[in-house]
Each structure stands twice: as C-alpha cells, then as structure tokens.
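Each chain is listed here by its residues.
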Amino acid sequence: MTKPRTLFDKIWEDHLIDVQDDGTCLIYIDRQLIHEITSAQAFDGLRMSKRRARRPEANICVPDHNVPTTPGRGGTDEIDDEESRVQLEVLEKNAMEFNLPYIPINDINQGIVHVIGPEQGFTQPGVTLVCGDSHTATHGAFGALAFGVGTSEVEHVLATQTLIQKPAKNMRITVNGRLPAGCTAKDLILAIIGKIGTAGGTGYVIEYAGPAIKDLSMEGRMTVCNMTIEAGARAGLVAPDEKTFEYLKGRPQSPKGGQWEQAVEYWKTLPSDPGSTYDEEVILDISEIVPQVTWGTSPQDEVGINDVVPDPNQVSDPMRRASMERSLEYMGLAAGTPMKDIIVDKVFVGSCTNSRIEDMRAAAAVAKGRKVASSVYAMVVPGSGHVKAQAEEEGLDKIFIEAGFDWREPGCSMCLAMNGDMLLPGERSASTSNRNFEGRQGPGGRTHLVSPPMAAAAAIAGHLTDVRDLTEE
Amino acid sequence: MEKFDTMTGVAAPFPIVNCDTDKIIPARFLKTLTRTGLGKSLFDAMRYDPKSREENPDFVLNKQAYRNAEILVAGENFGCGSSREHAPWALLDFGIRCVIAPSFADIFFNNSFKNGILLITLPQEEIDKLMQDAENGANARLTVDLQDQEITRPDGSKVSFEVDPFKKHCLLNGLDDIGLTMQKVEKIDKFEGKQKAATPWLYR
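Remember, it's a predicted structure, so these values are computed and weren't measured experimentally.

## Considerations on the sheet that holds strand β9 (residues 204-209) of chain A
All names here are of chain A.
Link 1 in the chain: The strand order across the open sheet built from four strands is β10-β9-β8-β11, with neighbouring strands paired in parallel fashion. At either end of the open sheet lies a strand with only one pairing partner, and these are β10 (235-238) and β11 (280-285). The average undirected angle you get between the axes of adjacent strands in this sheet is 20°.
Link 2 in the chain: Here strand β8 (residues 169-176) pairs with β11 via six bridges, running parallel. Within β11, the position partnered with Ile173 by the bridge is Val282.
Link 3 in the chain: Sitting on the sheet, helix α1 (residues 7-14) is in contact with β8, β9 and β10, with an inclination near 110° to β10.

## Focus on unusual backbone geometry
Residue and element names in this part refer to chain A.
Link 1 in the chain: The phi dihedral of Gln161 is positive, around 65°, even though this residue is not glycine.
Link 2 in the chain: If you trace the backbone, Gln161 turns up in the loop between α5 (151-160) and β7 (162-165).
Link 3 in the chain: Unusually for a residue other than glycine, Ser351 sits at a positive phi of about 85°.
Link 4 in the chain: Note that Ser351 resides in the loop between β14 (346-349) and α12 (357-367).
Link 5 in the chain: Its relative accessible area of 0% is what places Ser351 among the buried residues.

## Some details on the side chain of Thr24 of chain A
Residues and elements named next belong to chain A.
Link 1 in the chain: Mapped onto the elements of the fold, Thr24 is located in the loop between β1 (16-19) and β2 (25-28).
Link 2 in the chain: Judged by relative accessible area, Thr24 falls into the buried class, the value being 4%.
Link 3 in the chain: A distance of 2.8 Å separates polar atoms of two side chains, one belonging to Thr24 and the other to Asp22.

## Describing the domain arrangement of chain B
Link 1 in the chain: When its domains are assigned, chain B resolves into domain 1 (6-173) and domain 2 (177-204).
Link 2 in the chain: Its C-alpha centre places domain 1 of chain B at a distance of 37 Å from the equivalent point of domain 2 of chain B.

## What to know about the sheet that holds strand β5 (residues 141-145) of chain B
Residue and element names in this part refer to chain B.
Link 1 in the chain: One open sheet holds the seven strands; their spatial order is β4-β3-β2-β1-β5-β6-β7, and the pairing between them is mixed. At either margin of the open sheet sits one strand with a lone partner, and together these are β4 (118-121) and β7 (158-160). Strand-to-strand twist across the sheet, computed as the mean angle between neighbouring axes with direction ignored, equals 30°.
Link 2 in the chain: Inspection of the sheet shows strand β6 (residues 150-152) paired to β7 by three bridges, in the antiparallel sense.

## Observations regarding the interface of chain B and chain A
Link 1 in the chain: At the interface, 55 residues of chain B touch 74 residues of chain A.
Link 2 in the chain: Buried area between chain B and chain A, both sides added, is near 5500 Å², and the carbon and sulfur share of it is 56%.
Link 3 in the chain: When the buried area of chain B at its contact with chain A is split by residue, Lys31, Leu33 and Trp201 of chain B rank highest and sum to 15% of it.
Link 4 in the chain: Applying the counting criterion to the chain B and chain A interface returns ten salt bridges.
Link 5 in the chain: In this structure, Arg54 of chain A and Asp189 of chain B form a salt bridge, with 2.6 Å as the shortest nitrogen-oxygen distance.
Link 6 in the chain: Looking at the side of chain B that touches chain A, the elements that each hand over two or more residues are α1 (21-24), α3 (86-94), α4 (106-113), α6 (165-173), α7 (177-182) and α8 (185-198) of chain B.
Link 7 in the chain: Broken down by element, the residue count for the side of chain B that touches chain A peaks at eight residues, all from α8 of chain B.
Link 8 in the chain: Its residues assigned to classes, the side of chain B that touches chain A comprises 21 nonpolar, 16 polar and 18 charged.

## Details of the environment of Cys131 of chain A
Residues and elements named next belong to chain A.
Link 1 in the chain: As for its placement among the helices and strands, Cys131 is situated in strand β5 (residues 128-131).
Link 2 in the chain: Looking at Cys131, the relative accessible area reads 0%, which means it is buried.
Link 3 in the chain: Once the C-alpha coordinates of Cys131 and Asp107 are considered, the two residues, 24 residues apart in sequence, prove to be 21 Å apart.
Link 4 in the chain: Each residue touching Cys131, except ones within four places of it in the same chain, is listed here: Leu33, His35, Val113, His114, Thr136, Phe147, Gly148 and Val149.

Reading the values: the criteria
Residues numbered from 1 in each chain as written. Chains lettered and ligands numbered in written order. Predicted model: local features only at pLDDT ≥ 70, side-chain atom pairs only at ≥ 80, totals over all residues. Heavy atoms only, no water. Pairing = 2+ DSSP bridges. Helix = DSSP H or I, 4+ residues; strand = E, 2+ residues; numbered from the N terminus. Axes fitted to C-alpha atoms, helices over the stretch in contact; angles between N-to-C directions. Contact = heavy atoms within 4.5 Å. Buried < 20%, exposed > 50% of the residue type's maximum accessible area, 1.4 Å probe, protein only. Polar contact = N/O pair within 3.5 Å; in protein donor to acceptor, adjacent residues only side chain to side chain. Domains from an automatic or database assignment. Buried area = accessible area lost by both parts, 1.4 Å probe. Salt bridge = Lys/Arg side-chain N within 4 Å of Asp/Glu carboxyl O. Nonpolar A, V, L, I, M, F, W, Y, C, P; charged D, E, K, R; others polar.

Okay, here's the thing in structure tokens:
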C-alpha cells in the first residue's frame, strides 16, 4: 500500500522536475502573476542576460500596488506622481517587450493580483502559482500551491518556468465549530494567528481543514489563506470541493468543453488521503470567538473587541515584553484601555484580504441607513473592476456613498500606502487589510486590523466597536 | 552575484524580534526601478526623525561605532512580512553582508542568499553571546568563514553554524541560479511534455 499523501505532497510531487543529491529540488511553476513593484528588476535581468520569457501565456501582468484609486481616475499618463507613472509605464513596456498578457489600469479586468487571479480562472486547483508578493498564499483557497517570491525568483520563473526549492513541512489546522454571528473569515484567521504566532508557521505549508473551513465561501477561504503569511507560512491550502468547482466554472481561463470534466476529475483526486500524517497539527474550535481586533504592530497582537489592551508587565519573556512595550508606545496606547474606547481617524475597507464582493456586501450591510461619524474619513476600495461593477449592480456603492464612505477605484491602496492613500503621522485606522506593522499605512500611522463589518461599524461609531451591538439594535 | 567566502567586520546589535520588511524598507521607497541606491533608506523610520529627516542619534547604525557595520546580530523571525527583495537590496547597499539571528522568515531567507547575503541561524544562547560582542562597538569585530562554517569572536573563540549545502555552494562561487537551472532545460522540456498530456487544460 502506498503511503497516504497530503494535498501538499500531491501537488509537490506532480511538479517535481529534479532532485539533487543535497535534497534541493527543481519544481515546475504553472502560473505567475506580475505587478509593477517587484518586476522591473527581473525584466532588466532578463534583458541583461539576453533571456526571453519561456511561457508568456503562463503569466498575467497587472498594475495594482501603486495605482491611484481616485474615483474616475484616468489612464497611466494622467498619474501626477512621476515615479509612480514611470513604474506603471515600465510594467506595460516590459509586458509588451516580452509578449506577456497585460491588463491596463482602466480595464474591467484590472484589480489586485490576488483578486483577479481567481476571477479570471487563472488560479486552479493543483497548480503551482507564484507572484512577487507575500499574499500569494491567497490562491491556496483553491487547492493551488501558491506562494510569494522575491524579484530574483520572478526572473527565474520567467526564464525557466521553474523554481529551486526545498519541500516544506506539512501542518494541518483543523477548525471546528461554526462561526458565531458577527464573526467572519477575518476573525477566524486573526484568532489562528493569535494562537500560533507570527512565526508559528515558518517552514510549513498550512492546510486548513475542518467543518468551519468547509462552511466558508470561496471568498472566506481566500481571506484565511491570504493571511497565512502573517503566521510565517509561505502557503496555505484548502482542499478543493464542489464550492471550488462551482466558483471556477465558466471563468475566462477555466478549462472548457470536455477538458472541464477531465480537470474536475483530476481536482477530485487532490484532497489529502485519509490517514495522512502532518509534521504539526493544530486543532481549535471557533464557536466561542468574538470579533477580533489588533492592538499592536504584529498581526499576532490580537484580542477580542470586548477585551482591553494587554499589559506587558504580565509577560515573563523579556524580549516579548520589550517588543510589546515598543508596540504600545508606537500605537500610543496604555495597557488596560478597553479596545472599544479607541478612537479612529480613518477606516479602510479593501486590500487582497478583504475586497471581494462578499466583503463589500458585509460592510454595506452595516453601513446601510447609517452615517459615518463626522470625525472619520472612510474609504471603500473594491478589489477589482469586476467586484466594483458587481457591487454597483447591487446598489452597494449607493449605500456606501449615502452613509458617507468614499467609493473608489480598484487597487491595493491604503493597505501599504504607496499610492497616496495613507495615514498621516499619529493617525489611527480600523483597516480590513493584513498588516499592522509600524509605518505600514504611512509613517507614524497606527493600524487596527479588523473584518469588513467591524471596519464599517468603527466608521459609524467613530471608535472601535462591537459590530454585534450595532446589528442587534 | 558577488562571491561570499570569508569576511571580517563590525557587527551591530539589533535585538528586535519580528523585524518586518516594512521596517527594513518602507513601501514608499519601492517605486525604484533598480536594485541599488536603497541603502540610504534602510530602516528609514527608525533611522531618521520623521519630520526633520535628521538622523536619530540613538539608532544603532547612526552611532559612530556602527556606521560601517557589515554584520547585524538580530532578534528572532527577522525579515517577516512582505516578499520585497528591496529588503536585502537595502541591506546590501548599506554594506550589510551577513545577518545572524535565532530565526528568519522564509521568503526573506531565500531573497537574501540570492543577493550574496549570508544569513546565519543560531540558538538564542549563542546569539546572546554575539549580541554581547556586538554591544562592545567598533573594536569588536567578528570574522565569518563560510567555507569552514565558523564565526570567530573578538576573544578568538569560535561558534560553528549550519548552512544549506546548495546555498553555500552558490554563495562561495557567486553562482547565478538561472544559469544553473538552464543546464536542466531538457528535463524541463520533458516535464512539460508529460504535463501537457496529463493536464492539457493548463496549456493554451
């Protein structure tokens, strides 16, 4: 009898080209997403060594990190900031020179790489997919082995369609129970990161399993896999199932005709075999969680909304204590402050973590018939042209605008604050993005990570608040 | 890529845990189109006063003893967060060729080796000793010998370290990964032929 294999083992073995004596592997990469921030130097490298792209059609180039999200934005040539404009122009020029598929800024297909990959059916179960972006883990929601790479590796994939790798270890996180009302996939993954820590997954690929994961929509699974990197693991995985196939059916790059059945048949062989063993197992029940919110400068610094800012003096490890003290100083928070008392200046709904249609609906449901507090600036940035169009078809844009939110064009926006959407020094946000690092949303900016409904609730209340108090009114 | 065999240099103490790549190089500096010139923005938020842009005199790399540091002794999970290769580019452009820490984030780890930066993982108790050495300033230089996998402390005592044999080979010889992989092009061709037959929907 053959040894039971995990989902990761199967994808790995199906892509293994060569193993050296020292254990170094060469694996095949099926798909690559390319954006403007981490690719220019890779194309330069190709030019310098007179190399071409091995399989142009295995890539999609799209600008997202550094695009303006101003309503009614023009084309690349209308971008005021010269460095940003040039960076976008260079992406387009490189895509043309190397004959790669390219989506321009105002195309309806444009959006955040991790939103458009699935939308286009470019992301599929069983594929290996990379991008010069750590949140590539998102695509694992489809049972794809997807991880972030650096620019040297972007170049390596362009030139050879392969990567030099060592196999990761297998971790399984089984999530039991049902998500309580008011909680979302975002709260689930924040709770997981809080439990295993920001380096808990280093060296592993994490497979998410259990009834609570099965229950999630594809959007919810993407949110969970997206933040896998915040737990240190390069890739997250969810076994493909009927929901996955349903989502992919009919997408532009999904298999067509007889190949669809053939693909589904293959995809059904991918889930981990019964009896598979893992190097590490984590089991948790989420039935009792409450909406989560971060207090510090690492995604692991999270508590329930009804908790208080933790006290470093109650921590025995001196390194950890010092790091907490530094975080609290940066965040301008005192231990013991109720999280609900924390005033916010800006609210951001968007990012590759939470900018899909389900996120838009969840935030709009809270915003409907309410008003953004006069002290708050709140923005909603859909993840792609298609998400924006769908939301507008459903009237969500009107709900947001009537409530006082700014309804913007697709891009990464204030998640990493490259494009001018940012916090000013000392300003505080409730943000649906993925990182609360120092300066992430602007130098001196202070970030509290939350779910879309919690962000909308904070915008209305003017401070962090329990969305369940609003929705129960 | 520049070869790395042996180096002797000033080690700067950087006892921060979970130092993320946004801290190493904030996103607003990623509009560059080259790999060079990022050294001046390394650790920007800690290194400069946000308003005046003057150097923060308390930051380790602004202190006279460490201005020419070539080694960092750091806290656990160094380089977590974003995949930006600008992080190792900024370190290298500043002059850092080696980082020693209890652990590193995965993507940063790969990115660094591809740019000729040696990352050394050691148990916390060894880090504590080297951190102590680094605290002693410019006279306390460490020698890192990749071939023998040994760090020589200022008192002459040695600390040995592990390194992946393939990464060591590439660093010692300054090898270009792509060139190495190109030598396996027949295997890649063969793989694609086999994959195209088994999963034809992946080919258009």
